[in-house]
Amino acid sequence: MRRGFVGLVVAVLVGASCLRAQLVVPNQSEPPVALPSGLPVLPEAEQARMDRDLMEIDIPELHALYARHAYTVEQVTRWYLGRIAKYNGIYRDVQTVDVKGALATARLEDSGGGEQGAMWGVPIVIKANTAVKGLIDTDGWAGFVIPGHEFVAERDATVVAKLRAAGAVILGITNMPDFAIADTTRSTAFGRTGNAYDVRFSPGGSSGGTVTAVTSNEAMVGTGSDTACSITMPAGTSSVVGVLPTRGLTSIAGIAPLDWLRDNTGPIARNVTDAAIALGVMAGEDPMDFRTKDSGQKEAGPYTKYLKKDALKGKRFGVPAFMLETEEDKLQPETRAMLMKAVEQMRAAGAVVVIDEKLLPLSFYDAIRKIVSRLYLKDGADQWISAFGPKEYRSGEAYTRATGVAWPTVFTGERRPGGVADDAPQMQAVLAKDPDGEKNFFGPQRAALAEYEAALDEFHLDGLIYPSAQMPSPDETMPQNGGLSTGPESHTGWVNRIGVPAVVVPGGFYPDGLPFGLEISARPWKDGELLVWAYAYEQATKNRRAPVLVEKGLLPIGR
């Protein structure tokens, strides 16, 4: 989610009653979570025949195949498992494969059992910070896979439960960087994930495992989480659709927090149709997430009913000035050129695009910075571990007693997520009991949101468009800024801070063949409209093309 935190290897130092965890670059040859092996593989001829029918299809097309009995759910599930078996050893995107559970679900559905919901028979993957009952929830960290003390969820996260109830077939868990604090995907639990379009390059982070799995046709849909660009930026690196909903449309209950007041979750898919279907399933009020109490403001579903090819005609979008002239990590020339191509594509589809230096200039950052959520990091982490932790540890203190390993400071709030070693410790508070909660968080958030909406009003805009990252994906065999690659830098986390929705849609390819992602944002609770615009752009441009996968790796797993 943010750069600067490259990983965590557990090292217990006992002395003067002190325990601490040591920060290092993960370059281990054998991460503690082993590469899934022994996966079922269809006969080569059958796999090839199914390739012709299943590659790149969407959910309605899959359901049509089921309706005419072309394939069973089990056959389709086995086809995806075969894809994982063939490519996961190279790209290391899928951390855990639940063969037994996936096939059991598939067979139940083939027998007529279960609800035939919107995701019926759709093979999906779940990000490793999101609880799936009975599977290890690593959060990317080696400390949650200590033998005998693994973080095994006893119930599903809310969005997982909704997807399961709608008929989704959960194939497994995707890789992510430790605690989601990175713009690339290196995990002390599972190693490095490569970009499907070139394994040497970064898929972004922290939802890098999910985007690689989905774009590679190792799953139809996946979940991502996002504190600051962790759905949107990796979606852009991998020519997929990533949806960051209005905060409160989907529940984050059961997702390991980075900053729970900025955290969000949404679907990642190869096309807008599938993303719309999955978002409709994931959305809804949840008593375990107080932010969802306003979800009644959402547009009535299903979101697919809004999708129209000509929806961009007459719509007005702007390119925010602060995204073109950032304070750091300037927009790279090749990315600016890709943005301008996307602007012309939007105009060709009938939209008006405004570029004006007065549209949300750099001063907008001043309003964003006033939103203080850091004071409440421990509050969010405590709520999560107490509700979703294993029986052995339902608190940080219990974790340390059980394992002898320090509870990470990302959960105690003592250090800023992604902060430097000498970052000053931060006192923590419980939001619901804090008399300064309005002054620290809610008031500044409303003010920044009002500034955003006032800019849309002033320029008569429906939404904004901008790149999902400031630069192309970097080659992780080469230094970046003089050091280990930290991933493609992105400055779209302001969307999380004010809670508005955004979607990334394939925006074409750089000259070197790596994808460019176009991000579109809208007003709160206009998620349906946002998907309509993304769909119209997708259909007008047909920018996505599937990656050509390799069967031999080019990097050590820990690099």
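Residues numbered from 1 in each chain as written. Predicted model: local features only at pLDDT ≥ 70, side-chain atom pairs only at ≥ 80, totals over all residues. Heavy atoms only, no water.

Considering the packing of helix α8 (residues 272-282) against helix α17 (residues 527-541)
Helix packing for two helices is described by the angle between their axes and how far apart those axes are. So the rule is basically this: Geometry is summarised by axes, namely lines fitted to C-alpha atoms with helices restricted to the contacting stretch, and by angles between N-to-C directions that run from 0 to 180 degrees. For helices the rule is a DSSP run of H or I covering at least 4 residues; for strands it is a run of E covering at least 2, with both sets numbered from the N terminus onward. Working definition: roughly parallel below 35 degrees, roughly antiparallel above 145 degrees, roughly perpendicular at 65 to 115 degrees, and oblique for all remaining angles. By convention the crossing between two helices is left-handed if the near helix lies anticlockwise of the far one by an angle smaller than a right angle, and right-handed if it lies clockwise. In this analysis, two residues are considered to be in contact whenever any of their non-hydrogen atoms come within 4.5 Å of each other. Note on residue classes: Ala, Val, Leu, Ile, Met, Phe, Trp, Tyr, Cys and Pro are nonpolar, Asp, Glu, Lys and Arg are charged, and everything else, Gly too, is polar.
α17 packs onto α8 with a crossing angle of 165° between their chain directions and a minimal axis gap of 9 Å. In terms of orientation, α8 and α17 fall into the roughly antiparallel class. In the packing of α8 onto α17, the handedness of the crossing is left-handed. Note on element contacts: α17 touches α8 through D527, L531, A534, Y535 and E538, opposite V272, T273, A276 and L279. Of the residues contributing to the contact of α8 with α17, the split by class is 6 nonpolar, 1 polar and 2 charged.

What to know about helix α6 (residues 208-215)
To keep it simple, the criterion reads: Partly exposed residues are those whose accessible area sits between 20% and 50% of the maximum for their type, while under 20% is buried and over 50% is exposed, using a 1.4 Å probe and protein chains only.
Burial analysis of α6 places 8 of its 8 residues in the buried class, the great majority of the element. Residues of α6 that are buried include every one of G208, G209, T210, V211, T212, A213, V214 and T215, and no others.

Re the sheet that holds strand β10 (residues 264-269)
Let me state the cut-off plainly: Criterion used throughout: strands pair if DSSP finds at least two bridges between them.
Here 11 strands make up an open sheet; going across it, the order is β3-β5-β4-β8-β10-β9-β14-β15-β13-β11-β12 and the pairing mixed. On the outer flanks of this sheet lie β3 (94-97) and β12 (352-355), each paired with one strand and no other. In this sheet, neighbouring strand axes are inclined to one another by 30° on average, regardless of whether the strands run parallel or antiparallel. Pairing of strand β4 (residues 123-127) with strand β8 (residues 221-226) involves 2 bridges; the strand directions are parallel. When the bridges of β8 are listed, V125 appears paired with G222. In the packing of helix α5 (residues 158-165) onto the sheet, the strands contacted are β4, β5 (169-174), β8 and β10, and the crossing angle to β4 comes to about 175°.

Some thoughts on the confidence of the model for the protein
Put simply, the rule reads: Each residue carries a pLDDT score, the predictor's own confidence in it, on a scale running from 0 to 100.
Averaged over all residues, the pLDDT of the protein is 92; the fraction at 70 or higher stands at 91%. Per-element averaging of pLDDT across the protein places strand β2 (residues 22-23) at the bottom with 33 and β4 at the top with 99. Predicted confidence for residues 1-27 stays below pLDDT 50, and this span has 81 contacts to residues more than four positions away or in other chains.

Structural notes on the pattern of salt bridges
Oppositely charged side chains can pair when the atoms bearing their charge come close. In plain terms, the rule: For salt bridges, the criterion is a side-chain nitrogen of Lys or Arg within 4 Å of an Asp or Glu carboxyl oxygen.
Scanning the model with the defined rule gives 22 salt bridges in all. For the salt bridge of K526 with E529, the shortest nitrogen-to-oxygen distance reads 3.9 Å. A residue is classified by how much of its surface remains accessible, and K526, at 33% relative accessible area, is partly exposed.

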